[in-house]
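# Architecture at a glance
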Amino acid sequence: MRKIIFTAAALMALALGSCDKGNKYTVNGEIDGAKDSLLYFENMSLTGPVTVDSVKLDADGKFSFSDNIGNAPEFYRLRIGNQIINLAADSVETVTVKAEYATMPTAYTVEGSDDCKRIKELALKQIDLHKRAVALENNRDLAREKALDSLMRMTDEYKTYVKTHYIFKDPKAASSYFALFQTLGNYLIFNPRTNSDDIRVFAAVATAWDTYYPEAERGKNLHNIAIEGMKNERIAAANRDKEISPDKIITTGIIDIKLPDNTGTTHTLTELKGNVVLLDFHVFGMENSPKRILMLRELYNKYHNRGLEIYQVSVDADEHFWKQQTAALPWICVYDESSLSSRYLSLYNISNLPEYFLIDRANNLVKRSEQMDDLEKEIEKLL
């Protein structure tokens, strides 16, 4: 059974970023107006804040903290009492923070990390959303139903903006992860337990983590949250339709795809467990399609008997043309009628086509195209 860490501390998870193996992450700067205050430098672990270091501030408020970071993203915070600044440990080695104690969470400046700046932007937007929500709650002239309706619209607008300008723009970024765990009061703004669209937002970031940080505990946890949300969604659908038993629904190690081939037969990625799978997103109407299909044929003919399967997703606009092009293909080729609006393109963080991924025999996504210099050698390793 997968262990999913979804504690209050994790829900308030504050920031993270990419880093190079063996780097030392340093945060320095000054907090004015905080003489004799104790400033904490805390690592925001999945199970809660862990103090890395602390210092009693002098009149000048200067401080400097550091911590070793490995080959996966990490995140921290600076704290005096309940005053908090969230920081990403990204690819840079040094971040400089300056703030006044009285306005520490909102008016600080940060240099050295664009991701830390985006996290500040998100924090300020969250604070604004919270203020407007409180104003609605305190408006006694507004009926409760209308207040709730207004709150839902405000929240949906916030989510749409954040998805467009932060999460889907760069799913692997620290700011994207940070956005997933923002809250309104005690509730997640993006809640994969209750909202199917939010599950897909989590899945997009989880896929990016699976690809870029495959061994990171945070990535595995994020992935499992998304998978568990999908499982719960299928259970709810089964209970509504009374077609299948919830105990038949299982979780998998990948974001599953379920689409029909050119005969109308539905195929899923999970049914290929036990094989090495080349997951290929393709447009047959592209100029270089014939050359690419020839390359795939050569790989399939050479490795299929050893356990290689190809699961090809077409997002062509012309379904009839796609059927003609795939009639003689020996591998699984499915069609998404949503074409370039396919939700699978966003779930797998795809901005350019064609794109491909390798999946191991245990149904785990291993690598995407840009991580492979030699596709054939990578297939050999997995076989």
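Structure report, in brief. Not measured: the values here are computed from a predicted model. (Residues numbered from 1 in each chain as written. Predicted model: local features only at pLDDT ≥ 70, side-chain atom pairs only at ≥ 80, totals over all residues. Heavy atoms only, no water.)

Counting residues in hydrophobic clusters, the biggest one holds 80 residues, and the most contacted among them are Leu78, Tyr311 and Tyr348. Examining the composition of this core, we find that 7 residues originate from one element, helix H2 (residues 114–138), more than from any other. Setting aside its immediate chain neighbours within four residues, Leu78 contacts Val27, Leu39, Tyr40, Phe41, Phe63, Phe65, Gln83, Ile84, Ile85, Leu87, Val97 and Met104. Of all hydrophobic cores here, the second largest spans 20 residues; its members include Leu296, Cys333, Met372 and Ile379. (Core = buried A, V, L, I, M, F, W, Y, C linked by side-chain atoms within 4.5 Å. Buried < 20%, exposed > 50% of the residue type's maximum accessible area, 1.4 Å probe, protein only. Helix = DSSP H or I, 4+ residues; strand = E, 2+ residues; numbered from the N terminus. Contact = heavy atoms within 4.5 Å.)

Quick look at the pairing of strand S3 (residues 48–56) now. Direction of pairing for strand S2 (residues 38–45) relative to S3: antiparallel, over a ladder of 8 bridges. In the sheet register, Asn43 faces S3, and the bridge partner there is Val50. Count of turn residues in the S2/S3 antiparallel hairpin: 2 residues. (Pairing = 2+ DSSP bridges.)

This part is about the sheet that holds strand S5 (residues 74–80). Across the sheet, which stays open at both edges, the 4 strands sit in the order S3-S2-S5-S6 with antiparallel pairing between neighbours. Because the sheet does not close on itself, it has two edges, and the strands there are S3 and strand S6 (83–89). Between one strand axis and the next, the sheet turns through 25° on average, direction left out of account. With 7 bridges connecting them, S5 and S6 associate as antiparallel partners. (Axes fitted to C-alpha atoms, helices over the stretch in contact; angles between N-to-C directions.)

Attention shifts here to the packing of H2 against helix H3 (residues 144–167). At their nearest, the axes of H2 and H3 sit 10 Å apart, and the two run at 170° to each other. By the criterion of interaxial angle, the relationship of H2 to H3 is roughly antiparallel. Side by side, H2 and H3 meet where Arg118, Glu121, Leu122, Lys125, Gln126, Leu129, Arg132, Ala133 and Leu136 of the first sit next to Ala147, Ser150, Leu151, Met154, Thr155, Tyr158, Tyr161, Val162 and Tyr166 of the second. Split into classes, the residues belonging to the contact of H2 with H3 amount to 11 nonpolar, 3 polar and 4 charged. (Parallel < 35°, antiparallel > 145°, perpendicular 65-115°, else oblique. Nonpolar A, V, L, I, M, F, W, Y, C, P; charged D, E, K, R; others polar.)

A word on H3. The end-to-end C-alpha separation of H3 is 32 Å, in line with the 34 Å expected for 24 residues at 1.5 Å each. Turning to H3, the residues buried within the fold contact H2, helix H4 (174–180), strand S9 (183–184) and helix H5 (196–212). (Expected span 1.5 Å × (residues − 1).)

Summed over all chains, the structure comprises 19 salt bridges. With a shortest N-O distance of 2.3 Å, Asp149 and Arg153 are connected by a salt bridge. Residue Asp149 and its partner Arg153 are both found in helix H3; the two are separated by 4 residues, about one turn of the helix. On the basis of relative accessibility, which here comes to 39%, the residue Asp149 falls in the partly exposed class. Overall, Arg153 belongs to the partly exposed group, its relative accessible area being 44%. Across the pair Asp280 and Arg292 runs a salt bridge, and its minimum N-O distance is 2.1 Å. With Asp280 in strand S13 (residues 276–282) and Arg292 in helix H7 (residues 289–303), this residue pair connects regions lying 12 residues apart in the sequence. (Salt bridge = Lys/Arg side-chain N within 4 Å of Asp/Glu carboxyl O.)

Below, the discussion takes up the packing of aromatic side chains. One pass over the structure, following the stated rule, counts 13 aromatic pairs. With centroids separated by 4.8 Å and ring planes inclined at 25°, the aromatic side chains of Trp322 and Tyr335 adopt a geometry described as stacked. Here the residue Trp322 occupies a position in helix H8 (residues 319–326), and Tyr335 occupies one in strand S15 (residues 332–335), the gap between them amounting to 13 residues. Grouping residues by exposure puts Trp322 and Tyr335 together as buried. (Phe/Tyr/Trp six-rings, centres within 6.5 Å; stacked < 30°, edge-to-face > 60°.)

Further remarks concern the side chain of Lys120. Tracing the sequence through the fold places Lys120 in helix H2. Buried and unpaired, Lys120 has no salt bridge, with Glu111 as the nearest side chain of opposite charge at 8.7 Å. Residue contacts for Lys120: discarding those within four places in its chain leaves Thr106, Ala107, Tyr108 and Thr109. (Lys, Arg positive; Asp, Glu negative; His and termini not counted.)

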